[in-house]
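Report on the structure
One letter stands for each residue in the lines below.
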Amino acid sequence: METATGRPALLSDEELEELGALGHRVTYPPGSMLVREGESTTFVVYLESGHVKVITGHPPAIVRICGPGSVAGERASAVGRPRSAHLVTLSRVDALMVAGDDWQRFLRERPTVLMRLYRDVLDRLEPRDPPKESSVTHSEFKVATGLIRLLEYDLGVAQGAGYRIAGITQRELGYLVGLSRESVSAALKSLRSQGVVETGRSSFRILDLAAIERIASRNYPSSEPL
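So, a few notes on the structure that sits alongside this text. Residue positions within a chain follow its written sequence, with the count starting from 1. Where totals are concerned, whole chains, interfaces and linings use all residues; where local detail is concerned, this predicted model gives features only for residues with pLDDT of at least 70, and gives and counts side-chain atom pairs only at 80 or more. Note that water and hydrogens are dropped before the side-chain values are worked out from all heavy atoms of the structure.

This part covers the overall build of the protein chain. Looking only at helices and strands, the protein chain has eight helices and twelve strands in total. Each residue gets one of three labels from its accessible area relative to the maximum for its type: buried under 20%, exposed over 50%, partly exposed in between, using a 1.4 Å probe on protein chains only. For the protein chain, the proportion of its 226 residues judged to be buried stands at 44%. Relative to all contacts within the protein chain whose residues are 6 or more apart in sequence, the contacts with residues 24 or more apart total 73%. What sets the accessible areas is the Shrake-Rupley method with a 1.4 Å probe; for residues, cover comes only from the shown protein chains. Accessible area for the protein chain stands at about 12000 Å²; split by element, carbon and sulfur atoms hold 51% of it. By the criteria applied, helices consist of DSSP H or I runs no shorter than four residues and strands consist of E runs no shorter than two, each listed in order from the N terminus. Whether two residues are in contact is decided by their heavy atoms: any pair within 4.5 Å suffices.

To continue, consider the packing of aromatic side chains. Two aromatic rings from Phe, Tyr or Trp, using only the six-membered ring of Trp, form a pair when their centres are within 6.5 Å; if the ring planes differ by under 30 degrees the pair is stacked, by over 60 it is edge-to-face, and anything between is tilted. Tallied over the full model, the rule gives one aromatic pair. Relative to Phe-106, the ring of Trp-103 lies with its centre 5.8 Å away and its plane at 20°, an arrangement referred to as stacked. Of this pair, Trp-103 and Phe-106 both sit in helix α3 (residues 100–108), three residues apart, which is roughly one turn of the helix. By the burial criterion, Trp-103 is buried, and Phe-106 matches it.

Here we take up helix α8 (residues 209–216). What α8 keeps buried is the set Ala-211, Ile-212, Ile-215 and Ala-216. Looking straight down α8, one finds that the buried residues subtend no more than 135° of arc, so they occupy a single side. Contacts made by the buried residues of α8 are with α5 (136–152), α7 (181–193), β11 (197–200) and β12 (203–206). Contacts described as polar in this section are N or O atom pairs within 3.5 Å, which, within protein, must combine one atom able to donate a hydrogen with one able to accept it, while residues neighboring in sequence count only if both atoms come from side chains. The distance from a side-chain oxygen at the start of α8 to the backbone nitrogen of Ala-210 is 3.3 Å, and the residue carrying that oxygen is Asp-208. Working definition: the arc comes from the directions between the helix axis and the C-beta atoms, pointing outward to the latter.

Residues Met-115, Tyr-118 and Leu-122 make up a contiguous nonpolar surface patch of about 300 Å² in total accessible area. Tracing the sequence through the fold places Met-115 in helix α4 (residues 111–124). Residue class for Met-115 comes out partly exposed when judged on its relative accessible area of 41%. Each patch is assembled from residues with relative accessible area greater than 30% and no salt bridge, linking like charges that lie within 9 Å and nonpolar side chains (Val, Leu, Ile, Met, Phe, Trp, Tyr) that lie within 5 Å. Should a side-chain nitrogen of Lys or Arg be within 4 Å of a carboxyl oxygen of Asp or Glu, the pair is scored as a salt bridge.

Attention now goes to the pairing of strand β5 (residues 61–66). Extensive coverage of β5 is indicated by the burial of five of its six residues. What makes two strands pair is DSSP finding at least two bridges between them. Relative to β5, strand β4 (residues 52–56) runs antiparallel, the two being bridged by five bridges. Bridge pairing in β5 links Ile-55 to Ile-62. Linking β4 to β5, which pair antiparallel, is a turn of four residues; within it Gly-57 sits at a positive phi near 95°.

The next subject is the pattern of salt bridges. For the structure on display, the rule yields nine salt bridges. Taking the shortest distance from any N to any O, the salt bridge between Arg-64 and Glu-74 comes out at 3.7 Å. Separated by ten residues along the polypeptide, Arg-64 in strand β5 and Glu-74 in helix α2 (residues 74–79) bring together distant segments of the chain. Like Glu-74, Arg-64 is buried. Connected via shared salt-bridge partners are Glu-18, Glu-109 and Arg-110.

All right, on to the sheet that holds strand β2 (residues 33–35) then. Ordered in space as β2-β7-β4-β5, the four strands form an open sheet in which the pairing is antiparallel. If you trace the sheet from one side to the other, it starts and ends with β2 and β5, each paired once. Pairwise comparison of adjacent strand axes, ignoring direction, gives a mean angle of 30° for this sheet. Sheet contacts for helix α6 (residues 170–177): β4 and β5; angle to β5, the most-contacted strand, approximately 70°. Between N-to-C directions, angles span 0 to 180 degrees; the directions come from axes that are lines fitted to C-alpha atoms, helices contributing only their stretch in contact.

Next up on the list: the pairing of strand β7 (residues 86–89). When a strand is regular, its side chains alternate between the sheet's two faces. Alternating positions in β7 separate into two faces, His-86 and Val-88 on one and Leu-87 and Thr-89 on the other, with burial throughout. Relative to β7, β4 runs antiparallel, the two being bridged by four bridges. Residue pairing for β7: Val-52 is matched across the bridge by Thr-89.

These figures capture arrangement, not role.
Rendered as C-alpha coordinates:
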(Lines give C-alpha, C1' and ligand atoms only; values in the text may rest on other atoms or scores of the structure.)
Protein backbone atom coordinates (compact mmCIF):
# COMPACT_ATOMS: atom_id res chain seq x y z
CA MET A 1 0.00 0.00 0.00
CA GLU A 2 1.27 3.52 -0.82
CA THR A 3 0.49 6.86 0.77
CA ALA A 4 -0.80 9.89 -1.11
CA THR A 5 2.79 11.08 -1.66
CA GLY A 6 3.89 7.75 -3.14
CA ARG A 7 5.84 6.72 -0.04
CA PRO A 8 5.18 3.07 0.88
CA ALA A 9 3.07 2.65 4.00
CA LEU A 10 4.65 0.78 6.89
CA LEU A 11 1.79 -1.74 6.99
CA SER A 12 -0.08 -3.59 4.28
CA ASP A 13 -3.88 -3.54 4.33
CA GLU A 14 -3.88 -7.01 5.91
CA GLU A 15 -1.36 -6.01 8.58
CA LEU A 16 -3.30 -2.85 9.34
CA GLU A 17 -6.44 -4.92 9.86
CA GLU A 18 -4.53 -7.18 12.26
CA LEU A 19 -3.20 -4.17 14.17
CA GLY A 20 -6.69 -2.71 14.28
CA ALA A 21 -7.82 -5.66 16.40
CA LEU A 22 -5.30 -4.63 19.05
CA GLY A 23 -6.17 -0.94 19.31
CA HIS A 24 -8.89 1.61 18.71
CA ARG A 25 -9.38 4.39 16.16
CA VAL A 26 -9.17 8.04 17.18
CA THR A 27 -9.67 11.39 15.47
CA TYR A 28 -8.07 14.70 16.50
CA PRO A 29 -8.31 18.24 15.06
CA PRO A 30 -5.30 20.34 14.00
CA GLY A 31 -3.11 21.62 16.84
CA SER A 32 -3.83 18.74 19.22
CA MET A 33 -0.97 17.77 21.56
CA LEU A 34 -1.06 13.97 21.35
CA VAL A 35 2.08 13.48 23.43
CA ARG A 36 4.05 15.88 25.61
CA GLU A 37 7.80 15.53 26.07
CA GLY A 38 8.60 13.95 29.45
CA GLU A 39 5.36 11.98 29.80
CA SER A 40 5.55 8.32 30.79
CA THR A 41 3.01 6.97 28.29
CA THR A 42 4.02 4.24 25.83
CA PHE A 43 1.17 4.01 23.29
CA VAL A 44 1.85 4.44 19.57
CA VAL A 45 -0.31 5.97 16.86
CA TYR A 46 -0.48 4.60 13.34
CA LEU A 47 -1.62 7.42 11.04
CA GLU A 48 -4.30 6.58 8.51
CA SER A 49 -4.81 10.20 7.44
CA GLY A 50 -3.41 13.57 8.43
CA HIS A 51 0.01 14.65 9.66
CA VAL A 52 1.79 14.96 12.99
CA LYS A 53 4.90 17.02 13.70
CA VAL A 54 7.55 15.73 16.11
CA ILE A 55 8.99 18.63 18.13
CA THR A 56 11.97 18.61 20.47
CA GLY A 57 15.02 20.64 21.47
CA HIS A 58 15.64 24.02 23.08
CA PRO A 59 14.37 26.09 21.47
CA PRO A 60 11.80 23.58 20.16
CA ALA A 61 12.09 22.58 16.50
CA ILE A 62 10.41 20.11 14.16
CA VAL A 63 12.62 17.06 13.70
CA ARG A 64 10.17 14.95 11.72
CA ILE A 65 6.76 15.06 10.05
CA CYS A 66 4.77 11.83 10.18
CA GLY A 67 2.16 11.27 7.50
CA PRO A 68 -0.37 8.61 6.47
CA GLY A 69 1.01 5.10 6.61
CA SER A 70 3.58 5.86 9.30
CA VAL A 71 3.82 5.28 13.04
CA ALA A 72 4.55 7.96 15.63
CA GLY A 73 5.57 7.69 19.27
CA GLU A 74 7.17 4.26 18.91
CA ARG A 75 10.41 5.09 20.77
CA ALA A 76 8.85 5.14 24.25
CA SER A 77 7.31 1.71 23.78
CA ALA A 78 10.70 0.27 22.76
CA VAL A 79 13.00 1.82 25.36
CA GLY A 80 10.61 2.21 28.29
CA ARG A 81 11.71 5.78 29.03
CA PRO A 82 9.73 9.05 29.13
CA ARG A 83 8.71 10.68 25.88
CA SER A 84 11.57 12.46 24.13
CA ALA A 85 9.43 14.82 22.02
CA HIS A 86 6.04 16.45 21.60
CA LEU A 87 3.63 15.04 19.01
CA VAL A 88 1.32 17.74 17.64
CA THR A 89 -1.22 17.33 14.84
CA LEU A 90 -0.70 19.56 11.81
CA SER A 91 -4.06 18.69 10.30
CA ARG A 92 -7.06 16.58 11.19
CA VAL A 93 -5.70 13.16 12.07
CA ASP A 94 -7.40 9.78 11.85
CA ALA A 95 -5.24 7.18 13.55
CA LEU A 96 -5.09 3.82 15.21
CA MET A 97 -3.95 4.05 18.83
CA VAL A 98 -2.25 0.94 20.21
CA ALA A 99 -0.86 0.22 23.68
CA GLY A 100 2.93 -0.01 23.78
CA ASP A 101 3.00 -3.65 24.92
CA ASP A 102 0.59 -4.68 22.16
CA TRP A 103 2.69 -2.83 19.56
CA GLN A 104 5.86 -4.60 20.68
CA ARG A 105 4.14 -8.00 20.55
CA PHE A 106 2.79 -7.16 17.08
CA LEU A 107 6.35 -6.43 15.89
CA ARG A 108 7.84 -9.57 17.45
CA GLU A 109 5.30 -11.73 15.64
CA ARG A 110 5.90 -9.97 12.29
CA PRO A 111 9.64 -9.65 11.56
CA THR A 112 9.01 -8.22 8.08
CA VAL A 113 7.20 -5.24 9.65
CA LEU A 114 10.03 -4.85 12.16
CA MET A 115 12.56 -4.78 9.31
CA ARG A 116 10.56 -2.07 7.48
CA LEU A 117 10.47 -0.01 10.65
CA TYR A 118 14.20 -0.56 11.13
CA ARG A 119 14.95 0.70 7.61
CA ASP A 120 12.73 3.73 8.20
CA VAL A 121 14.63 4.56 11.40
CA LEU A 122 17.99 4.21 9.62
CA ASP A 123 16.80 6.58 6.89
CA ARG A 124 15.91 9.16 9.53
CA LEU A 125 19.34 8.83 11.16
CA GLU A 126 21.19 10.08 8.09
CA PRO A 127 23.30 13.13 9.02
CA ARG A 128 21.50 16.45 8.80
CA ASP A 129 23.50 19.62 8.28
CA PRO A 130 22.85 22.25 10.97
CA PRO A 131 20.87 25.32 9.85
CA LYS A 132 23.21 27.80 8.18
CA GLU A 133 23.37 31.20 6.54
CA SER A 134 23.01 31.29 2.76
CA SER A 135 22.69 33.73 -0.13
CA VAL A 136 19.22 35.06 -0.85
CA THR A 137 19.02 33.21 -4.18
CA HIS A 138 20.04 29.89 -2.65
CA SER A 139 17.72 30.50 0.29
CA GLU A 140 14.85 31.09 -2.16
CA PHE A 141 15.65 27.74 -3.75
CA LYS A 142 15.70 25.94 -0.39
CA VAL A 143 12.50 27.62 0.84
CA ALA A 144 10.71 26.85 -2.42
CA THR A 145 11.72 23.17 -2.26
CA GLY A 146 10.59 23.08 1.37
CA LEU A 147 7.18 24.54 0.53
CA ILE A 148 6.74 22.02 -2.27
CA ARG A 149 7.69 19.21 0.11
CA LEU A 150 5.01 20.39 2.53
CA LEU A 151 2.48 20.39 -0.33
CA GLU A 152 3.54 16.82 -1.15
CA TYR A 153 2.76 15.95 2.47
CA ASP A 154 -0.80 17.16 1.67
CA LEU A 155 -0.41 20.03 4.14
CA GLY A 156 -1.56 22.67 1.65
CA VAL A 157 -5.20 23.75 1.61
CA ALA A 158 -6.48 25.24 -1.64
CA GLN A 159 -7.29 28.90 -1.13
CA GLY A 160 -8.33 30.90 -4.15
CA ALA A 161 -5.72 30.34 -6.86
CA GLY A 162 -3.10 29.26 -4.33
CA TYR A 163 -2.48 27.12 -1.27
CA ARG A 164 -2.28 27.87 2.45
CA ILE A 165 0.06 25.90 4.71
CA ALA A 166 -0.63 26.32 8.43
CA GLY A 167 1.05 25.08 11.60
CA ILE A 168 4.67 25.57 10.46
CA THR A 169 6.80 28.50 11.65
CA GLN A 170 9.61 30.10 9.67
CA ARG A 171 12.16 28.64 12.08
CA GLU A 172 10.65 25.17 11.66
CA LEU A 173 10.72 25.52 7.87
CA GLY A 174 14.38 26.51 8.20
CA TYR A 175 15.15 23.40 10.21
CA LEU A 176 13.45 21.20 7.65
CA VAL A 177 15.50 22.63 4.76
CA GLY A 178 18.79 23.32 6.60
CA LEU A 179 18.64 27.14 6.74
CA SER A 180 18.90 29.61 9.58
CA ARG A 181 15.76 31.52 10.48
CA GLU A 182 17.43 34.69 9.19
CA SER A 183 18.04 33.13 5.77
CA VAL A 184 14.43 31.89 5.62
CA SER A 185 13.19 35.35 6.55
CA ALA A 186 15.32 36.98 3.83
CA ALA A 187 14.10 34.50 1.22
CA LEU A 188 10.45 34.98 2.17
CA LYS A 189 10.87 38.78 2.07
CA SER A 190 12.17 38.44 -1.49
CA LEU A 191 9.40 36.04 -2.49
CA ARG A 192 6.77 38.36 -0.97
CA SER A 193 8.14 41.29 -2.99
CA GLN A 194 7.78 39.16 -6.14
CA GLY A 195 4.14 38.40 -5.28
CA VAL A 196 4.88 34.70 -4.98
CA VAL A 197 3.96 34.10 -1.32
CA GLU A 198 2.29 35.71 1.65
CA THR A 199 3.19 34.90 5.26
CA GLY A 200 1.22 34.94 8.49
CA ARG A 201 1.53 33.66 12.02
CA SER A 202 2.82 30.08 11.61
CA SER A 203 1.46 29.99 8.07
CA PHE A 204 2.43 30.47 4.43
CA ARG A 205 0.23 31.18 1.45
CA ILE A 206 1.56 30.24 -1.97
CA LEU A 207 0.14 32.73 -4.46
CA ASP A 208 2.01 31.53 -7.55
CA LEU A 209 2.75 27.80 -7.50
CA ALA A 210 4.31 27.88 -10.97
CA ALA A 211 6.84 30.45 -9.75
CA ILE A 212 7.63 28.35 -6.65
CA GLU A 213 8.17 25.29 -8.86
CA ARG A 214 10.40 27.34 -11.16
CA ILE A 215 12.53 28.55 -8.25
CA ALA A 216 12.71 25.01 -6.85
CA SER A 217 14.08 23.77 -10.17
CA ARG A 218 17.28 25.79 -9.72
CA ASN A 219 20.28 23.51 -9.32
CA TYR A 220 23.15 24.24 -6.92
CA PRO A 221 25.25 21.07 -6.97
CA SER A 222 28.30 22.24 -5.05
CA SER A 223 28.64 26.00 -4.65
CA GLU A 224 26.83 29.30 -4.71
CA PRO A 225 25.72 30.57 -8.14
CA LEU A 226 27.90 33.19 -9.80
